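# Coordinate analysis (summary)
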Amino acid sequence: MSTNMATSSNYWEDLRKQARQLENELDLKLVSFSKLCTSYSSSSSKDQRTRDSRTDSVGSSQDNMLVAMTTELEQLLANLSAVNDKMAEYTNTPGVVSHNAALMHTLQRHRDILQDYTHEFHKTKSNFFSLREREDLLGSVHRDIESYKSSTGVNNRRTELFLKEHEHLRNSDSLIDNAISIAMATKENITFQRGMFKSIQTRVTTLANRFPTINSLIQKINLRKRRDSLILGGVIGVCTILLLLYTFH
């Protein structure tokens, strides 16, 4: 009886030893796997063009290393899961019922560790493959753009000319908007001055009706004012036409 218990206890300790060894190995492998994925990400984001132009042997070497480490981690996780299953079977052995609570606590701790490692592995693996798919897509788009540029040089030249013309039209629109703004401000100012002149004219007319001598002087002032208005209008019109001609030529 005591011999069987000793043998059973040794079996349990062997399982725990295997579990701890696999857990330590998984911990180291997961750290290396994470660093390798991070270095892959950094090299891809730093210089996509270099990555596209490097030889296939260099690119496939890093990818093969990641795939090999992924396979190794999956195998280690499967081995640790198998050891945990053996430990679970051992806890159901009739001869170890008295120690079942302590054994179940130990088993649960190893299961938690396995769950954490599995979650971390799948998270890192998922991030890596998502990154690689994104980089492959960006690389494909970059190659298509380069191919398009190299095969359609004339079209690119036309596109540049169209872009320059578009920029020129935008600048012309901006100048026209500025000219319209200046014209509107000038119009408002002239309207305001016209109101003031009308008010002054009304007052002067009232005085002229009272003093006939001043009436002739007022008529001369009105004639000069009309002449100045015509001159000002002509100057504004000529400036506007010159500005439009400069803008469209």
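Residues numbered from 1 in each chain as written. Predicted model: local features only at pLDDT ≥ 70, side-chain atom pairs only at ≥ 80, totals over all residues. Heavy atoms only, no water.

## A short note on the overall build of the chain
Broken down by element type, the chain carries 6 helices and 0 strands. Mapped from its N terminus to its C terminus, the chain presents α and β elements in the order α-α-α-α-α-α. Counting over 249 residues, the chain shows a buried share of 22%. Within the chain, residue pairs in contact and separated by at least 24 positions form 79% of the contacts whose partners lie at least 6 positions apart. Entry remark: accessible area of the chain is about 18,100 Å², with carbon and sulfur atoms responsible for 58%. (Helix = DSSP H or I, 4+ residues; strand = E, 2+ residues; numbered from the N terminus. Buried < 20%, exposed > 50% of the residue type's maximum accessible area, 1.4 Å probe, protein only. Contact = heavy atoms within 4.5 Å. Areas by Shrake-Rupley, 256 points an atom, 1.4 Å probe, with all protein chains shown as cover.)

## Observations concerning the UniProt feature "transmembrane region" (unreviewed entry) in the chain
The UniProt record annotates "transmembrane region" (unreviewed entry) at residues 230-248. Helix makes up 100% of residues 230-248 and strand 0%, with an end-to-end C-alpha separation of 27 Å. (UniProt positions renumbered as here; feature names shortened; annotations may be inferred.)

## Some points on a negative patch on the surface
A cluster of acidic side chains, namely D27, D112, D116 and E120, defines a negative patch on the protein surface. Broken down by element, the negative patch gets its largest block of residues, 3 residues, from helix α4 (residues 100-151). Examined against the element boundaries, D116 turns out to sit in helix α4. (Patch = residues over 30% accessible without salt bridge, like charges linked within 9 Å, V, L, I, M, F, W, Y side chains within 5 Å. Salt bridge = Lys/Arg side-chain N within 4 Å of Asp/Glu carboxyl O. Lys, Arg positive; Asp, Glu negative; His and termini not counted. Charge placed at Lys NZ, Arg CZ, Asp CG, Glu CD.)

## Let's talk about the environment of F197
Along the chain, F197 turns up in helix α5 (residues 153-210). Spatially, the C-alpha atoms of F197 and K225 are 9.7 Å apart, while their sequence positions differ by 28 residues.

## Re the layout of surface pockets
The space that makes up the largest pocket amounts to roughly 520 Å³. In terms of lining residues, the largest pocket is bounded by 17 residues, among which Q193, R194, F197, K225 and S229 are the most central. Per-class residue counts for the lining of the largest pocket are 8 nonpolar, 5 polar and 4 charged. (1 Å grid on protein atoms, 1.4 Å probe; cavity = no way out; pocket = protein on both sides within 12 Å on 5 of 7 lines; lining within 4 Å. Points joined across faces, edges and corners; volume = space filled by probe spheres on them. Nonpolar A, V, L, I, M, F, W, Y, C, P; charged D, E, K, R; others polar.)

## Regarding the side chain of H110
As for its position among the elements, H110 is in helix α4. Setting aside residues up to four positions removed in sequence, H110 forms contacts with R16, A19, R20, E23, N84 and M87.

## Side note on the packing of aromatic side chains
Counted by the stated rule, this structure contains 3 aromatic pairs. Relative to Y90, the ring of Y11 has its centre 5.9 Å away and its plane inclined at 50 degrees; by these criteria the two rings are tilted. Separated by 79 residues along the polypeptide, Y11 in helix α1 (residues 2-46) and Y90 in helix α3 (residues 56-91) bring together distant segments of the chain. Look at Y11 and you get partly exposed, because its relative accessible area is 37%. When its relative accessible area of 7% is taken as the criterion, Y90 is described as buried. (Phe/Tyr/Trp six-rings, centres within 6.5 Å; stacked < 30°, edge-to-face > 60°.)

## Looking at the UniProt feature "coiled-coil region" (unreviewed entry) in the chain
Here the UniProt feature "coiled-coil region" (unreviewed entry) sits at residues 66-93. What you have in residues 66-93 is 93% helix and 0% strand, and the ends, taken at the C-alpha atoms, are 41 Å apart.

## With respect to a nonpolar patch on the surface
Together, V238, I241, L242 and L245 make up an exposed nonpolar region whose accessible area comes to about 380 Å². Mapped onto the elements of the fold, I241 is located in helix α6 (residues 212-248).

## Details of the confidence of the model for the chain
Overall, the prediction assigns the chain a mean pLDDT of 76, with 74% of residues at 70 or greater. Within the chain, the element-level pLDDT minimum falls on helix α2 (residues 48-53), averaging 48, and the maximum on α3, averaging 83. Within the model, pLDDT remains below 50 along residues 47-58, and this stretch shows 14 contacts once partners closer than five positions in the same chain are excluded. (pLDDT = per-residue confidence, 0-100.)

## Quick word on the nonpolar core
Counting 25 residues, the largest nonpolar core has L26, F33, L73 and M87 as its most contacted members. Listed by contribution, the elements that provide at least two residues to this core are α1, α3 and α4. Per-element accounting of this core gives the leading share, 10 residues, to α3. Once residues within four sequence positions are removed from consideration, M87 is found in contact with W12, L15, R16, A19, L107 and H110. (Core = buried A, V, L, I, M, F, W, Y, C linked by side-chain atoms within 4.5 Å.)

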